[in-house]
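In case you want the letters, here they are:
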Amino acid sequence: MKETAIRFRRPEKKDGTPIWKLIQQTEALDVNSAYCYILLSDYLRDTCVIAEEEEKIVGFISAFRAPSRNDTLFVWQIAVAPSKQRRGIARRMLKELLARECCSDVVYIEATVSPSNLASRGLLLRLAKDYRMECHLSAGYADALFPVEARHEEELLFRLGPLPVMGER
Ligand SMILES: CC(=O)NCC[C@H](N)C(=O)O
């Protein structure tokens, strides 16, 4: 089957609702409000990524600088449409984000990943290997922090770094 080109870009406000629908399709992430994805696509668009194929959104990454630690980029959600997974789209989105001028002074990446989210776990471990970074796992958010009804898994904290300088990313 012909592989069509995937385009990577910053999101725009109009992408908020399609992102919200994509997150629901993954059945692996916390579905935030559509308002949250519109807000991310407006105020935090410089550290968010859209992957699109023939004008259709097939991937999304949300991230932001940790306000108290400017050298750290917190990667919030990594999502790829179920029918488009295992094509390296998440890895290409992450590398596109880290190659942006606005991330040139990022030294560490942090993200929380539930034990069942093997795709994101594998992606982060592979990124650490690609960029020859250390990867430290620690307790992130215990399941007890979440409402019992949510039956939410714990979120393990991944901290990767130091990132290579821009020219080597
Ligand atoms: C890296 C990533 O996608 N983490 C997910 C964190 C959390 N479960 C969420 O979905 O926002």
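- Under the annotation held in an unreviewed UniProt entry, the protein chain carries the name L-2,4-diaminobutyric acid acetyltransferase and is attributed to Paenibacillus piri.
- Per UniProt, the protein chain carries the Pathway (unreviewed entry) text "Amine and polyamine biosynthesis; ectoine biosynthesis; L-ectoine from L-aspartate 4-semialdehyde: step 2/3."
- Among the UniProt annotations of the protein chain, the heading Sequence similarities (unreviewed entry) holds the following wording: "Belongs to the acetyltransferase family. EctA subfamily."

### Considering the packing of aromatic side chains
Then comes step 1: All chains considered together, the criterion is met by three aromatic pairs.
Then comes step 2: Seen from their ring centres, Tyr37 and Phe60 are 6.0 Å apart, and the 80 degrees between their planes marks the pair as edge-to-face. A residue pair is termed long-range when its members are at least 10 positions apart, and Tyr37 in helix H2 (residues 34-43) and Phe60 in strand S3 (residues 56-66) qualify at 23 residues.
Then comes step 3: Relative to Trp76, the ring of Phe64 lies with its centre 6.2 Å away and its plane at 90 degrees, an arrangement referred to as edge-to-face. One end of the pair, Phe64, is in strand S3; the other, Trp76, is in strand S4 (residues 69-80), and 12 residues separate them in sequence.
Then comes step 4: Since its relative accessible area comes to 25%, Phe64 is described here as partly exposed.
Then comes step 5: Among the aromatic residues, ring-to-ring pairing joins Phe64, Phe74 and Trp76 into one connected group.

### Structural notes on the environment of Val31
Then comes step 1: Here Val31 shows up in the loop between helix H1 (16-26) and H2.
Then comes step 2: Distance from Val31 to Leu137, taken between C-alpha atoms, is 24 Å for residues 106 residues apart in sequence.
Then comes step 3: For Val31, the contacting residues outside a window of four places in its chain are Trp20, Ile23, Gln24 and Tyr37.

Definitions and limits used
- Residues numbered from 1 in each chain as written.
- Predicted model: local features only at pLDDT ≥ 70, side-chain atom pairs only at ≥ 80, totals over all residues.
- Heavy atoms only, no water.
- UniProt positions renumbered as here; feature names shortened; annotations may be inferred.
- Phe/Tyr/Trp six-rings, centres within 6.5 Å; stacked < 30°, edge-to-face > 60°.
- Helix = DSSP H or I, 4+ residues; strand = E, 2+ residues; numbered from the N terminus.
- Buried < 20%, exposed > 50% of the residue type's maximum accessible area, 1.4 Å probe, protein only.
- Contact = heavy atoms within 4.5 Å.

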